[in-house]
Amino acid sequence: MTVKLSLQNVRKTFRSRHADEAFVALDDVTLDVEDGEFMVVVGPSGCGKTTLLDLLAGLTRPTGGQILLDGKPVAGPSLDRGVVFQQYALFPWLTAQGNVEFGLEAKGAPSAERRETARRFLGLVGLAGFESHHPHELSGGMKQRVAIARSLAYDPEVLLMDEPFAALDAQTRETLQCELLRIWRVSGKTIVFITHGIDEAVFLGQRVAVMSSRPGRVERVIDIPPEFKAGEDIRAHPEFGRLRHEIWRLLHEDGERAREDERDARRLAVAA
Amino acid sequence: MIAAVKSAARRFDPRALALPLAFLAVWEIAYLRAWVDPRLIPSPSGVVQTAWNSLADEAFFPGLWASLYRDLAGFAIGGLLGVASGVALGLSRRLDAAFNPTLNALKQISLFAWLPLISTWFGYDDGAKILFIAASAFYPVAVNTFEGVRGIPKTHIEVARVFRFSKAQWVFRLLLPAAAPKILVGLQLGLVFAWLATIGSEFLLANWGSGLGNLIIHGREALDVGLVIWGLVVVGLVGSLLDHLAQRAENRLLRWRGA
Ligand SMILES: Nc1ncnc2c1ncn2[C@@H]1O[C@H](COP(=O)(O)OP(=O)(O)OP(=O)(O)O)[C@@H](O)[C@H]1O
Ligand SMILES: [Mg+2]
């Protein structure tokens, strides 16, 4: 296996308006994502997941350490990495169809092909018949699905997805999870998938990176053994429950620690 | 144009007429009772008579068209330049830093104060007037376009970066549509300013060329108050019609925003 994406001692700080010293969003994150791997990142809210994704997309630059794509430092965004943003980020002046099409335009596809491909991917996410709707005429979940269709349609080698299924009902989420796994298997894409959901993480990922907060770190990377995923209802498998619990415990301990830190900080603030 | 008038008529609420009609009634009574000097204030029916004569006058419509032509030509030039400079200033911090203070200082000079300079340099014909009208329309368009471009949400900019937009795509696929609501506000204001400037330039340069403003000034010189009032009515009506058309165009272009 070759390494597709490599994060090496990555640090990201933000200048803070509230405090004198910079805010550390990510500290010493080291993680390799193999070519064709499905990597899931879980972590509590505010631990730096979106920050990490922005770095991988090339939208921001690390304060320290480096990020390599195919062994070369990431210099900026590029069409080989597709992003599904946490807040959909559709253009409100374009229809659902138009929002999917302009990604293909960037790739230089001819217009008849663009139209056809966009329709196909909107159908894939269950939005056939909504092609000419504008975003304000769509529900949150539907907008999210348009955003997913947009990044799938232009077929990037690497897909970076920031809680793409968060706004969906359980039924649609399950359908799209299966669809995403299918697309991943046939296309061999490398996927970095961020989620809050532990079930989702175990269900989708080959490996799950569990993050802790303040500062954001990769606490542990858990392998999800491929064997038990072959069965019919993998969520009923005892191994599924065990992995689920392991991740839950890691997140829980981090939550406890964070709450204690907060209490200490408050006590210090009161004392001062 | 016809459709616009029709739709305006359909949406018209008759209650809006109450105040003007009451005013007209008081005015007519004041005239009949000779409360006012009839040379300074003619009767409403007298104004209607004047209006009728004026419409029949062969100079009226050429004057109206001349005004409209200058208005729209000046608006088109000022509007285009306004959008272009607004986009340029919105895009480049460097241009903004270099030009914005100067533009802000220039804004403090009333537009009409430029007229003597413009006529000294460019004379009194159409060209000079159109230049003045264009300058009047330019300002609100440029300022609003600038604000529209600066207000584009970060998420939209990130999408454009992820999709590696070319320069042309940045302008036509992101900036212009995203800033369209503000740009259209600017254009609508620009249209109002252009019309004010059209009539204003004709007032101040009344001895040259023809136009609605000239009509009013000639009425004053002939001490024909009826003609002056009629001129004001036409100026008001044309202005409202232009504004109404602009509003309709805006609603149509911004349908994607929903209700
Ligand atoms: N541009 C920024 N300037 C300053 N601080 C920032 C900026 N972006 C993120 N942060 C801070 O970095 C931390 C991590 O933010 P991030 O958006 O990556 O969290 P997240 O893990 O994606 O959370 P969520 O699950 O709620 O989406 C937060 O504490 C946030 O306040
Ligand atoms: Mg996030």
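Worth saying up front: this structure is predicted, and the values here are computed from it rather than measured.

A. Region of interest: the sheet that holds strand 1 (residues 3-14) of chain A. Residue and element names in this part refer to chain A. One open sheet holds the four strands; their spatial order is 2-1-4-5, and the pairing between them is antiparallel. The sheet is open, and its two borders are formed by strand 2 (23-34) and strand 5 (72-73), each paired with just one other strand. With five bridges joining them, strand 1 and strand 4 (residues 64-69) adopt antiparallel strand pairing. Its bridge partner being in strand 4, Gln-8 is matched across the sheet by Gln-66. Contacts from helix 1 (residues 49-57) reach strand 1, strand 2 and strand 4, with the element oriented near 125 degrees to strand 1.

B. Fine view of the pattern of salt bridges. All names here are of chain A. What the rule picks out here adds up to 17 salt bridges over all chains. The residue Arg-81 makes a salt bridge to Asp-80 at a minimum N-O spacing of 3.2 Å. Assessed through its relative accessible area of 4%, Arg-81 is described here as buried. The exposure class assigned to Asp-80 is partly exposed, which follows from its relative accessible area of 25%. In this structure, Arg-182 engages Glu-179 in a salt bridge whose closest nitrogen and oxygen atoms are separated by 2.6 Å. Pair noted here: Arg-182 and Glu-179 are both in helix 5 (residues 170-187), with a separation of three residues, about one helical turn. A cluster of three or more residues bridged by salt bridges with shared partners is formed by Lys-4, Asp-70 and Glu-157.

C. Broad picture of the nonpolar core. Ranked by size, the top nonpolar core spans 103 residues in total, and within it Phe-38, Leu-160, Phe-193 and Ile-247 of chain A carry the most contacts. Once residues within four sequence positions are removed from consideration, Ile-247 of chain A is found in contact with Val-42, Ile-198, Val-202, Val-208, Val-210 and Ile-222 of chain A. Counting 30 residues, the second largest nonpolar core, distinct from the first, contains Val-47, Leu-115, Ala-128 and Trp-195 of chain B.

D. The confidence of the model for chain B, seen in detail. All names here are of chain B. Confidence in the prediction for chain B averages 85 pLDDT; 95% of positions are at 70 or higher. Of all secondary-structure elements in chain B, the lowest mean pLDDT belongs to helix 1 (residues 2-11), at 65, while helix 8 (residues 154-162) reaches the highest, 92. Among the prediction metrics, the complex's ipTM stands at 0.84, with pTM recorded as 0.80.

Basis of the calculations
- Residues numbered from 1 in each chain as written.
- Chains lettered and ligands numbered in written order.
- Predicted model: local features only at pLDDT ≥ 70, side-chain atom pairs only at ≥ 80, totals over all residues.
- Heavy atoms only, no water.
- Pairing = 2+ DSSP bridges.
- Helix = DSSP H or I, 4+ residues; strand = E, 2+ residues; numbered from the N terminus.
- Contact = heavy atoms within 4.5 Å.
- Axes fitted to C-alpha atoms, helices over the stretch in contact; angles between N-to-C directions.
- Salt bridge = Lys/Arg side-chain N within 4 Å of Asp/Glu carboxyl O.
- Buried < 20%, exposed > 50% of the residue type's maximum accessible area, 1.4 Å probe, protein only.
- Core = buried A, V, L, I, M, F, W, Y, C linked by side-chain atoms within 4.5 Å.
- pLDDT = per-residue confidence, 0-100.

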